[in-house]
Amino acid sequence: MENKYDQFKGQPRLSKFVVPQGYNLRLKPDLVTCKFTGCVDISVDVVSDTKFIVLNATELCVDPKSLHFKSSTKVFEALEVGLIEEDEIVVVEFGESLPLGVGVLSMAFEGTLNDRMKGFYRSTYEHNMAVTQFEPADARRCFPCWDEPAWKATFKITLEVPSELVALSNMTVEEEKVTGNLKTVHYQESPIMSTYLVAFVVGLFDYVEDHTSDGIPVRVYCQVGKANQGNFALHVAVKTLPLFKEYFGAPYSLPKLDMIAIPDFAAGAMENYGLVTCRETALLYDDKHSFAANKQRVATVVTHELAHQWFGNLVTMEWWTHLWLNEGFATWVSYLATDSLFPEWKIWTQFLEEATEGLRLDGLAESHPIEVDINHAGEIDEIFYAISYRKGASVLRMLQSYLGPESFQRALASYIKRYACSNAKTEDLWSVLQEESGEPVNKLMNSWTKQMGYPVVSVKIKDQKQECEQTQFLLSGSHGDGQWIVPLTVCWVSYEARKSFLMQGKSEALDVLGSSSSKGKPWIKVNVDQTGFYRVKYDDELSARLRCAIESKCLSTNDKYGILDDSYALSMACHQSLSSLLALMASFREELDYTVLSNLISISYKVSRIAADAVPDLQNHIKLFFINLFQLSVERLGWDPKQGESHLDALLRGELLNALDAFGHDETINEAIRRFHIFLEDRNTAVLPPDLRRAVYVAVMQRVTESDRSGFEALLRVYRETDLSQEKTRILGALASCKDPEIILEVLNFLLCSEVRSQDCVFGLAVSLEGRETAWKWLQDKWDSIHKTYGSGFLLTRFISATVSPFSSYEKAQEVEEFFASRTKPYIARTLKQSIERVHINANWVQSIQKEDNLTEAVTELAYKKYHFKKYNHFKKLFFFIFSCFICFSYFNPTMVKKWEEGVKKKKGSGVVQK
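Sequence positions are assigned chain by chain, starting from 1 and proceeding in written order. Given that this is a predicted model, residues contribute local features only at a pLDDT of at least 70 and side-chain atom pairs are listed and counted only at 80 or more, while totals for whole chains, interfaces and linings are drawn from all residues. Only hydrogens and water are set aside when side-chain values are computed; all heavy atoms of the structure are taken into account.

A.B. asks: What is the right way to look at the nonpolar core in this model?
C.D. replies: A general feature of soluble globular proteins is that nonpolar side chains tend to end up buried together. The biggest cluster of nonpolar side chains holds 316 residues, and the ones touching the most others in it are Trp146 and Phe630. At eleven residues, helix 2 (residues 231–248) tops the list of elements feeding residues into this core. In what follows, residue pairs with any heavy atoms lying within 4.5 Å of each other are defined as contacts. Ignoring anything within four residues of it in the chain, the contact list for phenylalanine 630 reads Leu597, Leu600, Ile601, Ser604, Leu656, Ala659, Leu660 and Phe663. Definition of nonpolar core: a set of buried residues of the types Ala, Val, Leu, Ile, Met, Phe, Trp, Tyr and Cys, connected through side-chain atoms within 4.5 Å. Relative accessibility decides the category of a residue: with a 1.4 Å probe and only protein chains considered, values under 20% of the type maximum give buried, values over 50% give exposed, and everything between is partly exposed. Helix and strand assignments follow DSSP, with helices taken as H or I runs no shorter than four residues and strands as E runs no shorter than two, numbered in order from the N terminus.

Here is the structure:
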């Protein structure tokens, strides 16, 4: 018997001798017992001689007696049914070969509504609800199926549920029959789609509704009593569907669109065809209690998921190797749509944060190509992160910039038209883009999708020519052997003097200065507006010129961001000194742009942490430098929102105050705590608007100790009293910032209790520097329990990366390796290797900093001398302003001048006034 099934074991893909065409699926979930029963009739085409039908199923009990195959002439009873759990397949054997052509495979089954947020699972708020999450490979936990994206089929779904509940699926309701306290809901047959896009949700919900300009009904469902919080997402959705219809040159292909907020949801959102499921924080927005970042997140999530209705659902990747086609594209185009809806947000500048995350992950030796081989379903979860989403989006943006937006859009419309209702590979997209543009897209882009990593382009000027050399950039400091075709863009002196090149070799000399009319030593910026997915390293002279250009406000926001981020990465890789990075950061003292300042803040946290390990004696000086660096911006914004201020200022205020909290600025912390106490007495007070709350909560936790727990207890009380998911996650993140290890341990244990939803636990894992060791010991003690709770889901990997990555010693890296040596599973292997590599990178950086000459002098000068110089400048400006006012006033008031002169004479006589 074993030998008979060996041919099907250990295979990454299902056999191709039977092809599914349509599913007739009936399910009856019991929300009290959390069980479900079901039956399915699958129309299949037998395309080659076989006695076996192999399909996916796991955690299901299939009734062997119900299993049969019916051809046009005969019914074949199953001879034997074999469940191979490790491969998540069911093998159905018949006594004779099945006739070629179309037949129907039928079976009955039952399963459990699990609590792991995958497959067909239960979520809870007051009452249980039943929810699906099938991506990437969990439809098999709900019904036996060909659970691979290439096996597209139609779906006719029927749900039998309690009559008082709402039952939703991909399609509109065709018929509903009520019998006693149960109702049977029949849905229209779907167009062909992959199993991971099938969806149904059963529970009690409210909704808000609107229609697009061409009449498509759109609804946002949520918990009873929260319907008004769905209005913003609804507005975004009804505007986005027509926008994408025009951009892709194809209409939305279903008769309705529903979006629903799920209390327990592992991912951010899921693009199920016609029934988008989301976390509450990604779909609901409350004007009174949500902050500006929530609003922006809802907009980008909704536009991302709606982009998938074309790019992913209508045209689907052939296999998970091409996941980036779905996610990279939807990420990129979500910014396109959001920018169209909210141009004042300057969202394309914020896109740089997506590129940065992609660059930081892809700078690891343990990264992987955009197109990554997947050999087992357990490996898929680990590729749903920055490479597929952020690097994917970034290389598409680079390609669009190279080809031009009009040519790029025309090609995408052609691609959608050609592969609609079908599957495609990366090469298919490149071929269409190449046909439409006439450019060598396939050759260019293969260097970016088929190899991991990216280059750093080193730049220097020699004999009036710009010499460029590319090497693979690795955060470890070593150089890889990758080589890319790099779309280089260069400008010098001004943005009017710019050129574009395709760098195909390891090095090239570019004549960008020969025709320049500029004199002296001009600044040069490579990768103009940061449209390319690569880093740039300038020699010392060019770096100094760029610092002057930043201080002189000659550069665009995108270019300032890029210079800063490249310098930070080069410092981490030990290619630049920490002193030079800090000097560059100081040049941003008068920066006003949100995106640049946000990245500056993020980098300051990381620099402060690494410096604490490398040179503890300088920690207070570095913190003072950062406090002074951000103080001008804080003074400009103030604590209280201003009438009519921009969305970006609202985003920035909280981040700046949060930074001053983290660096121990007493005045900020005291004011935050004062406002917090007012808030405790009146939750509707104007002194603590939503955009300030995270910063205030962090400030409260800075003063919490085991002997003074009042702030901690107060925050827990706020957590327990609110029903807003965004507020709960804000508080969880703030609790972890406490400096007392005893409190940190209490916070970590709180994360695992029933008061915290499983998907929210990860928000509390980013502990303070003082809590690192406590968190690592806690993870070891709780690992078995955490592993059991989260299974193979990607949330499990967050525990590892958040807890391990902040360390910076080789000894700790070895300790982590030893602990996981007997606990490694395929679904955590890549994350574990990446986390350990980050520890080694940090350790290298620590050693490099410790060897720097004159670091103490440089830090001291930045922390004190420049601060007082800036303070003196403010004083001097104030003095001259007052003096000028006095002169003007005196000109019109001779009497006052006479009195002032008499006063001076008297003081001269008494010796008070001296030169």
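A.B. asks: So what exactly am I meant to see when it comes to the environment of leucine 752 here?
C.D. replies: If you trace the backbone, leucine 752 turns up in the loop between helix 21 (741–751) and helix 22 (772–790). Residue classification places leucine 752 among the partly exposed positions, given a relative accessible area of 33%. On a C-alpha basis, the gap between leucine 752 and serine 785 in space is 9.4 Å, while along the polypeptide they are 33 residues apart. Here leucine 752 is in contact with Cys761, Trp778, Lys782 and Ile786, once residues within four sequence places are set aside.

A.B. asks: Mind showing me how you'd approach helix 2 here?
C.D. replies: Counting along an α-helix, one turn takes 3.6 residues, and residues three or four places apart therefore face a common direction. In this model, helix 2 (18 residues) spans 26 Å end to end at C-alpha, consistent with the 26 Å of a helix rising 1.5 Å per residue. Of all 18 residues in helix 2, 13 are buried; the element is thus mostly enclosed. Phi for glycine 249, located one or two positions after helix 2, is positive at around 65°. Multiply 1.5 Å by the residue count of a helix minus one, and that product is the helix's expected span.

A.B. asks: Help me out: how do you make sense of the packing of helix 2 against helix 4 (residues 292–308) in this one?
C.D. replies: Axis angle and axis distance: for two packed helices, these are the angle between their axes and the distance between the axes, and together they describe the pair. Across the interface, helix 2 lies against helix 4 with an axial gap of 9 Å and an inter-helix angle of 40°. The orientation of helix 2 with respect to helix 4, classified from their angle, is oblique. In the crossing of helix 2 with helix 4, the sense of the turn from one axis to the other is right-handed. Here Phe232, Ala233, Val236, Ala237, Thr240, Leu241, Phe244 and Phe248 of helix 2 lie close against helix 4, whose contacting residues are Lys295, Val298, Ala299, Val302, Thr303, Leu306 and Ala307. Taken together, the residues of the contact of helix 2 with helix 4 break down into twelve nonpolar, two polar and one charged. Lines fitted to the C-alpha atoms define the axes, with helices restricted to the stretch that makes contact. Angles between their N-to-C directions range from 0 to 180 degrees. For classification purposes, an angle smaller than 35 degrees is called roughly parallel, one larger than 145 roughly antiparallel, one from 65 to 115 roughly perpendicular, and anything else oblique. Crossings are sorted by hand: turned counterclockwise from the far helix by less than a right angle, the near helix makes the crossing left-handed, and turned clockwise it makes it right-handed. Gly falls in the polar group here, along with every residue not listed as nonpolar (Ala, Val, Leu, Ile, Met, Phe, Trp, Tyr, Cys, Pro) or charged (Asp, Glu, Lys, Arg).

A.B. asks: Explain the packing of aromatic side chains to me, please; I cannot follow it from the model alone.
C.D. replies: Pairs of aromatic rings are described using the distance from one ring centre to the other and the angle between the two planes. Between 30 and 60 degrees the pair is tilted, below 30 it is stacked and above 60 it is edge-to-face, where a pair is any two Phe, Tyr or Trp rings, Trp via its six-membered ring, whose centres lie within 6.5 Å. According to the stated counting rule, one finds 51 aromatic pairs in the structure shown. Between tyrosine 719 and phenylalanine 750 the ring centres are 5.5 Å apart and the planes differ by 75°, which places this aromatic pair in the edge-to-face class. Within this pair, whereas tyrosine 719 is found in helix 19 (residues 710–721), its partner phenylalanine 750 is found in helix 21, the two being separated by 31 residues in sequence. Here tyrosine 719 falls in the buried class, since its relative accessible area comes to 1%. The ring of tryptophan 319 is capped by arginine 13, whose NZ or CZ atom sits 4.2 Å from the centre of that ring. A ring is considered to have a charge above it if a Lys NZ or an Arg CZ atom is located within 6 Å of its centre and within 35 degrees of its normal. A cation sits over an aromatic face here: lysine 812 above phenylalanine 807, 4.9 Å from the ring centre.

A.B. asks: What's the story with the sheet that holds strand 29 (residues 524–526) in this structure? I'm lost.
C.D. replies: Between any two strands, at least two bridges found by DSSP are needed for them to pair. Strand order in the open sheet made by the three strands is 27-26-29, with antiparallel pairing throughout. Where the open sheet ends on each side, the last strands, each with one partner, are strand 27 (494–503) and strand 29. Neighbour-to-neighbour, the strand axes of this sheet turn through a mean angle of 20°, independent of strand direction. Looking at chain direction, strand 26 (residues 486–492) and strand 29 are connected through three bridges and run antiparallel. Within the sheet, the bridge partner assigned to valine 490 lies in strand 29 and is valine 526.

A.B. asks: How do you make sense of the confidence of the model for the protein when you look at a structure like this?
C.D. replies: Residue-level confidence of the predictor is what pLDDT reports, using numbers from 0 through 100. On average, residues of the protein score 91 in pLDDT, and 93% of them are at 70 or above. Note that residues 894–901 has pLDDT below 50 and, in this model, four contacts with residues that lie over four places away or in other chains. Below pLDDT 50 for its whole length, residues 903–915 participates in three contacts with residues either more than four positions away or in separate chains.

A.B. asks: Got a minute to help me understand the state of the cysteines in this structure?
C.D. replies: Two cysteines whose sulfur atoms are joined by a covalent bond form what is called a disulfide. Count a disulfide wherever a pair of cysteine sulfur atoms falls within 2.5 Å. Going through the model one piece at a time under the given rule, you end up with zero disulfides. The thiol of cysteine 554 is unpaired, and the distance to the nearest cysteine sulfur, on cysteine 548, comes to 9.4 Å. Exposure remark for cysteine 554: the relative accessible area of 36% places this residue in the partly exposed category. Cysteine 761 takes part in no disulfide bond, and the closest cysteine sulfur to it belongs to cysteine 753, at a distance of 9.3 Å.

A.B. asks: Quick question: what am I supposed to make of the side chain of asparagine 272 here?
C.D. replies: Here asparagine 272 lies in the loop between strand 19 (269–270) and strand 20 (275–279). Take asparagine 272: its relative accessible area is 0%, and that puts it in the buried class. In the analysis that follows, any N or O atom pair within 3.5 Å is treated as a polar contact, provided that within protein one partner can donate a hydrogen and the other can accept it, and provided that, for residues neighboring in sequence, both atoms belong to side chains. Of note is the side chain of asparagine 272, whose polar atom sits 3.0 Å from the backbone oxygen of leucine 275. Setting aside chain neighbours within four positions, we find asparagine 272 in contact with Asn170, Tyr196, Leu197, Val198, Ala199, Thr277, Gln309 and Asn313.

A.B. asks: Can you help me understand unusual backbone geometry in this one?
C.D. replies: With the exception of glycine, the majority of residues adopt a negative phi angle, and the majority of peptide bonds are in the trans configuration. Omega for the peptide link from glutamate 135 to proline 136 comes to 5°, which places this bond in the cis form. Structurally, proline 136 is set in the loop between strand 10 (127–133) and strand 11 (154–162). Positive phi outside glycine occurs at glutamate 126, with the angle close to 65°. One can find glutamate 126 in the loop between strand 9 (119–125) and strand 10. The backbone of aspartate 529 sits at a positive phi, close to 60°, despite the residue not being glycine.

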